[in-house]
Amino acid sequence: MESIFHERQEGSLCAQHCLNNLLQGEYFSPVELSSIAQQLDEEERMRMAEGGVSSEEYRTFLQQPSVNMDDSGFFSIQVISNALKVWGLELILFNSPEYQRLGIDPINEKSFICNYKEHWFTVRKLGKQWFNLNSLLMGPELISDTYLALFLAQLQQEGYSIFVVKGDLPDCEADQLLQMIRVQQMQRPKLIGEEAAQSRDQRLPRSDVDQGIEVNHPFDGTGMLDEDEENFQRALALSRQEIDMEDEEADLRRAIQLSMQDSNNSYSGKIRPQTYRIRQLSAQALQKLAQEVI
């Protein structure tokens, strides 16, 4: 895994991290992406000016903030698309009728860019294996071939936009190395901040219900889920995470506790739930997995 380039989240620069993780190197900086965004803004201004610089529409346009970037570090899909054109790469909407008619199996693609609200991340094939290169993770996450389609379908169901990256990606060390060997991942990478949340949770007094759960379902950290079952649970977790919900850390900790309870298996979800309803869904998902195993 050391050969895989993986930028972790800094501020709201997920578009930069998404592009660099896709290309496997420090190819783009915030300054370069801002330049692309400003160029797009100028092109849009010129188009609006064609209707007359004294028109109400033009004056309103000038008063509006840029849709291609903001001060937080967010960049639009247009900026990402134009940045990739520099490398001869093109983005195609995964669930568009045109692409779906092609009937291409996802495992035969090379990479995907996923978006939910204002967060971007890359799923890429390196060598003969797929990896989730989400910058919110502490490191790359291995995705099995059999699970990839389910992972993408689950993201779509939860409202993600998914784009297929078409074209030849630049050569990278990780791709060359993983063409010769296959890696195994015994434990999924944690979300950034997840370990700290778990540490704080250990210092908090536990309720009688929590203690009862622990007695009936002790967690010793030694069990491992079957790969596809574990991936399925992680998809449920990933699809529900919210980036800016620090005021709901208590819900996060409880969801992590619920997702890690099983007598023979080690569950480690990365759910960042917003309500008690999501915690119920997590428990139901785990119960369903247990029934399928039996």
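What counts and what doesn't
Numbering of residues starts from 1 in every chain and runs along the sequence as written. Only residues with pLDDT of 70 or above have their local features reported here, since the model is predicted, and side-chain atom pairs are shown and tallied only from 80 upward, although totals for entire chains, interfaces and linings are computed over all residues. Only hydrogens and water are removed before side-chain values are computed, so all heavy atoms of the structure are retained for them. Here an axis means a line fitted to C-alpha atoms, over the contact stretch when the element is a helix, while the angle between two N-to-C directions is reported on a 0 to 180 degree scale. Counting from the N terminus, the helices are the DSSP runs of H or I reaching at least four residues and the strands are the DSSP runs of E reaching at least two. Angle categories are assigned with fixed cut-offs, so that under 35 degrees is roughly parallel, over 145 is roughly antiparallel, 65 to 115 is roughly perpendicular, and the rest are oblique. Take the far helix as your reference; a near helix turned counterclockwise from it by less than a right angle gives a left-handed crossing, and one turned clockwise gives a right-handed crossing. Contacts are assigned to residue pairs that have any heavy atoms within 4.5 Å of one another. Residues are grouped as follows: Ala, Val, Leu, Ile, Met, Phe, Trp, Tyr, Cys and Pro are nonpolar; Asp, Glu, Lys and Arg are charged; all remaining types, including Gly, are polar. In this analysis, a patch consists of residues with relative accessible area above 30% that form no salt bridge, clustered at 9 Å for like charges and at 5 Å for the nonpolar side chains Val, Leu, Ile, Met, Phe, Trp and Tyr. What sets the accessible areas is the Shrake-Rupley method with a 1.4 Å probe; for residues, cover comes only from the shown protein chains. One side-chain nitrogen of Lys or Arg within 4 Å of one carboxyl oxygen of Asp or Glu is enough to make a salt bridge. Think of it in three bands: with a 1.4 Å probe and only protein chains considered, a residue is buried below 20% of the maximum accessible area for its type, exposed above 50%, and partly exposed in between. Under this definition, polar contacts are N or O atom pairs within 3.5 Å; protein pairs additionally need one hydrogen-donor-capable and one acceptor-capable atom, and for neighbouring residues in sequence, both atoms have to be side-chain atoms.

**Student:** In this structure, what is going on with the packing of helix α1 (residues 14-23) against helix α4 (residues 77-85)? I would like to understand it.
**Tutor:** Packed helix pairs are characterised by how far apart their axes lie and by the angle those axes make with each other. Closest axis-to-axis distance for the α1/α4 pair is 11 Å, and the angle between their directions is 30 degrees. Here α4 runs roughly parallel to α1, going by the angle between their axes. At the point where α1 passes α4, the crossing takes the right-handed sense. Contacts between α1 and α4 involve Ala15, Leu19 and Leu22 from the first element and Ile80, Ala83 and Leu84 from the second. Grouping the amino acids of the contact of α1 with α4 by side-chain chemistry returns six nonpolar, no polar and no charged.

**Student:** What is the right way to read a nonpolar patch on the surface from this model?
**Tutor:** On the surface, Leu177, Met180 and Ile181 cluster together into a nonpolar patch covering about 300 Å² of accessible area. With respect to the element layout, Ile181 can be found in the loop between α7 (173-178) and α8 (194-202).

**Student:** I keep staring at the environment of Arg45 and nothing clicks. Help me out?
**Tutor:** Mapped onto the secondary structure, Arg45 falls in helix α2 (residues 30-49). In this structure Arg45 comes out as partly exposed when scored by relative accessible area, which is 27%. Linking Arg45 and Phe61, residues 16 residues apart in sequence, is a C-alpha distance of 7.7 Å. Not counting the four nearest positions on each side in its chain, Arg45 is found in contact with Tyr58, Phe61 and Leu62. Looking at Arg45, its side chain comes within polar contact range of the side chain of Glu42, at 2.7 Å.

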